[in-house]
Amino acid sequence: MDQLFLQCHVSKKVWDSIQTNIVGSVNGLSMYDWICSWFTNGSNAGCKQDFIEIAGYTLWHIWKTRSDVVFDSAKIHLETLVRQIKQSISEWNGHAGLKLTRGINNNSHMIPIPWIPPANTFSKINFDGSICKNTHTMGSGLVCMDDAGNFKSARCIPGVAEDEEKAEAIAALEAIKWATEQHIGRLHLEGDYLNAINGSLGSVQWTTNAIIRDCLALLRDFNGWVYAHVPRETNDVADTLAKDARHISSSVSWNLDCPLWLKSLFQERLNMYSA
């Protein structure tokens, strides 16, 4: 383990590119003892959250790259590997900052509404659309769970839209199309934009009607479906994905290999429900 994560020439170059002083903290310890020292109050690194994040993500990416090489005959590209590590750290820190900002801005008397798994045999897709009004670039954020509350998959989809209403309607359409791709038979859709949810009742602009009609046409192919509105606080996983989608050029999907910040936020919502 020490050879793989710390001593081989590739690992050394990765650590040097990420942060040169981290490996120096090993001080002859085994991998197990070194990692335990991160959480020991008496150690130099034990109370440094940034150290733990950098070291943890670097170790994970080294292991993932090693697995790709062994099982998929992948080639090692050092610059790409370092960029992926820095991106993971940046995503985690960005998410942590977003949660802190929401915590400060939210009314202290508001009671968070937990994420509730769908009814038996249903799969739930939470969706959200985010738009930049100046450029009309938008993103659709989708996250899917099964009836046991297990994470199934997530997706970020970039696009363009004229306004917020259309962005939300497009996100709903993307969610339904994605459910079809995943062969979901009974679908529970959930979003936080009331007009998009009630669009089938004629409460949207006439220019959005075509998107709503496409949604309804696709929903006829399911064995059952439910369409529900939830507060934005409950839909923050999809909201975060939608905002991220505005900054990418092509769709990104995750199954069980989703980023740690996404798993953390997903589990946080379910823990509220279990409590």
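Positions within a chain are numbered from 1, following the residues in the order the chain's sequence is written. Under the rules for a predicted model, residues below a pLDDT of 70 receive no local features and side-chain atom pairs below 80 are neither given nor counted, while totals for whole chains, interfaces and linings still include all residues. Values shown for side chains rest on all heavy atoms present in the structure; no hydrogens or waters enter the calculation.

Student: I tried to follow the pattern of salt bridges on my own but got confused; where do I start?
Tutor: Where charged atoms of side chains with opposite charge meet at close range, the side chains can pair. A carboxyl oxygen of Asp or Glu within 4 Å of a side-chain nitrogen of Lys or Arg is what we treat as a salt bridge. In total, this model carries five salt bridges according to the counting rule given. Here Lys-243 and Asp-239 are joined by a salt bridge, their closest N and O atoms 2.7 Å apart. Pair noted here: Lys-243 and Asp-239 are both in helix α9 (residues 236–245), with a separation of four residues, about one helical turn. For Lys-243, a relative accessible area of 32% puts it in the partly exposed group. Ionic contacts of the salt-bridge type, sharing partners, join the residues Glu-162, Asp-163 and Lys-166 into one network. A run of H or I in DSSP becomes a helix once it reaches four residues, and a run of E becomes a strand once it reaches two; helices and strands are each numbered from the N terminus. For the exposure calls, accessible area comes from a 1.4 Å probe over protein chains only, and a residue counts as buried if that area is under 20% of its type's maximum, exposed if over 50%, partly exposed in between.

Student: I'm lost on the packing of aromatic side chains in this one. Help?
Tutor: Within a pair of aromatic rings, the relevant descriptors are the distance that separates the centres and the angle that separates the planes. Put simply, two rings from Phe, Tyr or Trp (the six-membered ring, in Trp's case) pair if the centres are within 6.5 Å, and we call them stacked under 30 degrees between planes, edge-to-face over 60, tilted for the rest. Taken as a whole, this structure holds two aromatic pairs when the rule is applied. Taking 6.5 Å as the distance between ring centres and 25° as the angle between the ring planes, the aromatic pair formed by Phe-127 and Tyr-227 counts as stacked. Of this pair, Phe-127 sits in strand β1 (residues 123–131) while Tyr-227 sits in strand β5 (residues 224–229), placing them 100 residues apart in sequence. The exposure class of Phe-127 is buried, given its relative accessible area of 1%. Between Trp-225 and Tyr-227 the ring centres are 6.2 Å apart and the planes differ by 80°, which places this aromatic pair in the edge-to-face class. One aromatic cluster is present, built from ring pairs that chain together Phe-127, Trp-225 and Tyr-227.

Student: Looking at this structure, how should I read helix α2 (residues 9–18)?
Tutor: Since one α-helical turn is 3.6 residues long, residues separated by three or four positions face the same way. The set of residues buried in α2 consists of Val-10, Ser-11, Val-14, Trp-15 and Ile-18. The arc enclosing the buried residues of α2, seen along the axis, measures out at 130°, which places them on a common side. Directions pointing from the helix axis toward each C-beta atom define the arc.

Student: Help me understand the environment of Asp-163, please; the structure alone is not making it clear to me.
Tutor: Relative to the elements of secondary structure, Asp-163 occurs in the loop between β3 (151–160) and α6 (164–181). Among the residues examined, Asp-163 registers a relative accessible area of 21% and is labelled partly exposed. Distance from Asp-163 to Thr-137, taken between C-alpha atoms, is 9.7 Å for residues 26 residues apart in sequence. The term polar contact refers here to a pair of N or O atoms within 3.5 Å; inside protein, the definition further demands a hydrogen-donor-capable atom paired with an acceptor-capable atom, and it admits residues adjacent in sequence only when both atoms are side-chain atoms. Engagement of the side chain of Asp-163 in a polar contact is seen with the backbone nitrogen of Glu-165, the distance being 3.3 Å. Reaching out from Asp-163, the side chain makes a polar contact with the backbone nitrogen of Lys-166 at a distance of 2.9 Å.

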